[in-house]
Amino acid sequence: LPGCGESRLGLTALLALLVGVGLLAALCSLLQGTLVARLNARLAADVRVRLADHLLRQPPSYHQRIGPGPLLGALTADAEMIALHLGNLVPAAFGVAAGAVVWSLTLGGGLTGAGVPVGPAALVVAAVLGTLGLANGLAAWSTGRRTGASQERAQRARDVALGALTEALDGVEEIQAHAAEDQESARLGWRLREQARRQERVALWSALGGSLTQVVVVVAVPALVVAATLLDAPTAALAVVLPSLTFLQAAIGSATALWTQVRLTRPALDRAAGLLAETPAIAEPARPRPLEHLAGRVRFEAVRFAYAGAERPVLDGVDLEIPEGRVTAIVGDGGSGKTTLLRLLVRFADPDAGRVLLDGRDVRELSLRELRSRVALLRQHSKLFARSVRDNLRLGAAAADDNTLRAACRTAAAEPLLAKLEGGLDAMIDPGAANLSGSERRRLALARVLARNPSVLLLDELEAGLPQAMAERLLADVRAAVRGRTCLLVTHRPDLLQADEVVFLAEGRVAARGTHEELERTVEGYRRLLARRREAAEEGGEA
Ligand SMILES: Nc1ncnc2c1ncn2[C@@H]1O[C@H](COP(=O)(O)OP(=O)(O)OP(=O)(O)O)[C@@H](O)[C@H]1O
Ligand SMILES: [Mg+2]
C-alpha cells in the first residue's frame, strides 16, 4: 500500500476504515432492500384496497360489461407491477444520478491530475456524458415503445386467461357433468399459453433494450479513441477516460432499465387510474333525502327500460301502484321482465324513462344505502358466502344478535336446517354453498333478508325448481313471514301463494291485475301460462 510507508498504525487504520465502509455498505443495502420491499408491499396493498372498494360499489351493468378477467388482473398482477416498479423507481433513479455525479467528479479529478486544464477537462466530461446519454436514450426510447405496446397486449391476454380460469373453476361441475374436461382443458391451455407467448414478447423487447445499451458502449469506446487521436489529446488523459467508461455505462444502463420499467408499468397504471376514474352509472344523489318512516308504498310510473345493446325495451310503459302492507305476486312468461322490475326498485339499474317511487319519492333521491337497507331484494339466484351461517345472516345486518338471527331462521322455516348443521349458527357454509340443498339455500337466503327487518321485501322466484309440496310449504311460510309488510313476489305458482293481488306482465307492461281467481277466470294469457306451469310441475317437479 503505497503512501502508508512503514507505519503499521497507518496500515491498520486504513484496513479498519475499509472494513468499516464495507460493513456500512452492507447495512445500507440491507436497509434499502427491506425498506423498498416494505414500501412495495404497502403500495400494492393500498392499490388493491382502493380498487376493491371501488369495484364493490359499481353497479351490475359495470361488472357485466367488464367481466372478471380485467378486474382480477387489475387487482393482482397490475397492483403488483405498480408497486414493484414505483417502489424501485426512486432508489434506482437516485442510484443513477449518484453514479453520474461520482463518475463526473472522478473523471474530472483524474484528468486534472494528468495535467489537463480544468476547462477542457469539464468539456471532456460533458462530451462523454452527453454522447453516451444520448445514444443510450435513443436505444431506450426505440425499444421502450415496443416494450410498452407488447406489455399492453400481454395484459389483455392475461385478462382473457384469468377470465377463462375463473369461469372454468366456477363451472367445474358443469364441465364434468358434460364430460367436457378435455375440451375445456384444451381451451384453457390455449389461453394460458397465449398469455405466456405475449409475456415472452415483453421479455424480448426489454432484453433488447438492455443489450442495445451495451452495444452503445462497444461503439462509443472506439469512437472516443478515434476522436481523441484526431484531436491530439494527451495519452494520459485517454488512459483516465477509457477505463471509467464501463462505470459510467453501468450507471446509464440503469437509467435505460428504469425507462423500460416505466413503460412496463404504464398499462397497469393507466388501467388502475381508468377504473378508479369511472363514475358509476348509478349515481348517488347530490343531496339525498332522508326517509324517516317508510310505509312501503311502491309505484312504477310510465317506466321504460332497455338493456344496453338490446333492440327492444324489456319494460315499456309499466304503470303500477302497490299499496303498503300487501303481498303482490308478479307473474309473467320467462323473459317478460319480472326480475328487471324488482331490480329497478333497488336501483341495480335506472329506468330510461318514467319513475320508480317509494312512498311517493323517486328512489333516485334516496341514498343507495338507505334505499337498499329498507328495500330488501332476495335475488333469483342468491348467493351464500363461504363463511359461518351467522356471518352469512349478518350480511346486511352486521349488528344483529343471535336471537334476531334465530327468529329470522324460525320465520323462514330454516330452524330444522340450523339444528341439522353441526355448530348451528357457527356452522361453516362451503364454497358455492355446496353443503346445502337448493331449498335449504333459499331458506337461509330468506332468513338473511328477514334478519334486516326491511319495510319492503322483493322476493324473486323463491320456489323455482322445488317440488310442488315443498314450494307450497315454502310459499305458505313466506306468506306468514311477510305479514304486514309490502312484498313483491315473483312467482311461477301464484295459485299456491294466495297473494292479495296478482300482477300479470306481458309485452313489457302490466297486461292485467286482480286476484288469482279473477285473472284465471278472465285473462286467457294468464290461464294458458298457469296451465303450462302446472303441466311442467306434474311432469318434472314432483320427481
Ligand atoms: N343483464 C342483462 N343484460 C342484458 N339483457 C338482459 C339482462 N338481464 C335480462 N336481460 C334480458 O331482459 C329480458 C327480461 O329479463 P328478466 O330477467 O327481467 O326476465 P324474467 O321475467 O325475470 O324471466 P325469468 O322468469 O326467466 O326469470 C330477457 O329477455 C333477458 O334476456
Ligand atoms: Mg327472473
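All of these numbers come straight from a predicted model, not from anything done at the bench.

**A few points about the overall build of the protein**
On a plain count of helices and strands, the protein comes out with 17 helices and 10 strands. A globule of 543 residues ought to have a C-alpha radius of gyration of about 24 Å, yet the protein, at 35 Å, is considerably larger. Dimensions of the protein, computed from C-alpha atoms along their principal axes, come out at roughly 115 × 55 × 55 Å. Out of the 543 residues in the protein, the part that is buried amounts to 40%. As displayed, the protein has an accessible area near 29000 Å², and 59% of this comes from carbon and sulfur atoms. Measuring between centres, the 63 positive side-chain charges of the protein sit 4 Å from its 59 negative side-chain charges.

**Concerning the packing of helix H6 (residues 181–230) against helix H7 (residues 235–277)**
Viewed as axis vectors pointing N to C, H6 and H7 meet at an angle of 155 degrees, and their least axial separation amounts to 10 Å. Viewed along their axes, H6 and H7 adopt a mutual orientation that is roughly antiparallel. As H6 runs across H7, the sense of the crossing is right-handed. Of H7, the residues touching H6 (which contributes Val202, Ser206, Gly209, Thr213, Gln214, Val217, Val221, Leu224, Val225 and Ala228) are Leu238, Leu242, Leu245, Gln249, Thr256, Thr260 and Leu264. Tallied by class, residues from the contact of H6 with H7 come to 10 nonpolar, seven polar and no charged.

**Quick look at the domain arrangement of the protein**
According to the domain assignment, the protein consists of domain 1 (93–277) and domain 2 (298–541). Here the C-alpha centre of domain 2 lies 58 Å away from the C-alpha centre of domain 1.

**Points about the coordination of the magnesium ion (ligand 2)**
Distances from the magnesium ion (ligand 2) to its protein donors, namely Thr339 (OG1) and Gln380 (OE1), fall within the range 1.9 to 2.3 Å. On the criterion of sequence distance, the pair formed by threonine 339 in helix H8 (residues 338–345) and glutamine 380 in the loop between strand E6 (375–378) and helix H10 (389–393) is long-range, its members being 41 residues apart.

**A look at the site of ligand 1**
Within the structure, ligand 1 sits among 14 residues, and Gln64, Gly335, Lys338, Thr339 and Thr340 are positioned closest to it. With respect to ligand 1, the side chain of glutamine 380 contributes an N or O atom lying 3.0 Å from an oxygen atom. Against a free-state accessible area of 630 Å², the protein chains account for coverage of 63% of ligand 1. Here the shell around ligand 1 takes three residues from H8, the largest share from any one element.

**Notes on the packing of aromatic side chains**
The full count for this structure, using the stated rule, is two aromatic pairs. In this structure, arginine 145 packs its charged tip against the face of tryptophan 141, placed 5.1 Å from the ring centre. Cation over ring: arginine 387 sits above phenylalanine 385, and NZ or CZ is 4.5 Å from the ring centre.

**Topic: the pairing of E6**
Of the two faces of E6, both are covered, the one formed by Val375 and Leu377 as well as the one formed by Ala376 and Leu378. Two elements, E6 and strand E7 (residues 456–460), share four bridges in a ladder whose sense is parallel. Bridge assignment links valine 375 to a residue of E7, and that residue is valine 456.

**Quick look at the pattern of salt bridges**
Applying the stated rule across the entire model yields 29 salt bridges. The salt bridge partner of aspartate 78 is arginine 158, with a shortest N-O separation of 2.7 Å. Note that aspartate 78 is positioned in helix H3 (residues 68–113) and arginine 158 in helix H4 (residues 118–170), a separation of 80 residues in sequence. Each of the two residues, aspartate 78 as well as arginine 158, counts as buried.

**Let's talk about the nonpolar core**
Counting residues in hydrophobic clusters, the biggest one holds 53 residues, and the most contacted among them are Val389, Leu393, Leu444, Leu446, Leu459, Phe504 and Tyr526. The dominant element in this core, judged by the number of residues it contributes, is helix H13 (residues 438–450), at six residues. Residues within four places of phenylalanine 504 in sequence aside, it is in contact with Val331, Gly332, Arg509, Val510, Ala511, Ala512, Leu519, Val523, Gly525, Tyr526 and Leu529. Leu291, Val314, Leu342 and Val490 belong to the second-largest nonpolar core, a separate cluster that totals 31 residues.

**Here we look at H8**
In an α-helix there are 3.6 residues to a turn, and that puts residues three or four apart on one side. Buried residues dominate H8, accounting for six of its eight residues. When we look at burial in H8, the residues that qualify are Lys338, Thr340, Leu341, Leu342, Leu344 and Leu345. Arginine 347, located one to two residues past H8, shows a positive phi value of around 60 degrees.

**Observations concerning the sheet that holds E6**
Taken in spatial order, the six strands line up as E6-E7-E8-E3-E9-E10 in an open sheet, and their pairing is mixed. Every interior strand has two partners, whereas the edge strands, E6 and strand E10 (509–514), have only one. For this sheet, the mean inter-axis angle between neighbouring strands, taken without regard to orientation, is 20 degrees. Taken together, the four bridges between strand E3 (residues 327–332) and strand E8 (residues 486–490) define a ladder with parallel strand orientation. Residue pairing in the sheet places alanine 329 in a bridge with leucine 489 of E8. Contacting E3, E6, E7, E8 and strand E9 (501–506), H8 runs over the sheet at an angle of about 150 degrees to E7.

**Some thoughts on the sheet that holds strand E5 (residues 361–362)**
Spatially, the four strands line up as an open sheet ordered E2-E1-E4-E5, and their pairing is antiparallel. The two strands at the open ends of the sheet, each matched to only one other strand, are strand E2 (315–322) and E5. With five bridges joining them, strand E1 (residues 298–305) and strand E4 (residues 353–358) adopt antiparallel strand pairing. The residue of E4 that forms the bridge with valine 298 is leucine 358. This element, H8, spans E1, E2 and E4 of the sheet and lies at about 115 degrees to E1.

**Digging into helix H11 (residues 402–411)**
For H11, the set of buried residues is Leu405, Ala408 and Cys409. Along the axis of H11, the buried positions cluster into a sector of 100 degrees, meaning they face one direction only. Each element contacted by the buried residues of H11 is listed here: H10, helix H12 (415–420) and H13. Directly beyond the C-terminal end of H11, a positive phi value near 55 degrees is found at alanine 413.

**Structural notes on the environment of arginine 158**
What makes arginine 158 buried here is its relative accessible area of 12%. Separated by 266 residues in the primary sequence, arginine 158 and glycine 424 have C-alpha atoms spaced 42 Å apart. For arginine 158, the residues in contact, after removing those within four places along its chain, are Gly73, Ala77, Asp78, Gln195 and Arg271.

Thresholds applied
Residues numbered from 1 in each chain as written. Chains lettered and ligands numbered in written order. Predicted model: local features only at pLDDT ≥ 70, side-chain atom pairs only at ≥ 80, totals over all residues. Heavy atoms only, no water. Helix = DSSP H or I, 4+ residues; strand = E, 2+ residues; numbered from the N terminus. Rg over C-alpha atoms; globule rule 2.2 N^0.38 Å. Buried < 20%, exposed > 50% of the residue type's maximum accessible area, 1.4 Å probe, protein only. Areas by Shrake-Rupley, 256 points an atom, 1.4 Å probe, with all protein chains shown as cover. Lys, Arg positive; Asp, Glu negative; His and termini not counted. Charge placed at Lys NZ, Arg CZ, Asp CG, Glu CD. Axes fitted to C-alpha atoms, helices over the stretch in contact; angles between N-to-C directions. Parallel < 35°, antiparallel > 145°, perpendicular 65-115°, else oblique. Left-handed = near helix turned anticlockwise from the far one by under 90°. Contact = heavy atoms within 4.5 Å. Nonpolar A, V, L, I, M, F, W, Y, C, P; charged D, E, K, R; others polar. Domains from an automatic or database assignment. Donors = N, O, S within 2.8 Å, 3.2 Å for Na, K, Ca; no water. Near = heavy atom within 4 Å. Polar contact = N/O pair within 3.5 Å; in protein donor to acceptor, adjacent residues only side chain to side chain. Phe/Tyr/Trp six-rings, centres within 6.5 Å; stacked < 30°, edge-to-face > 60°. Lys NZ or Arg CZ within 6 Å of the ring centre and 35° of its normal. Pairing = 2+ DSSP bridges. Salt bridge = Lys/Arg side-chain N within 4 Å of Asp/Glu carboxyl O. Core = buried A, V, L, I, M, F, W, Y, C linked by side-chain atoms within 4.5 Å. Arc of directions from axis to C-beta.

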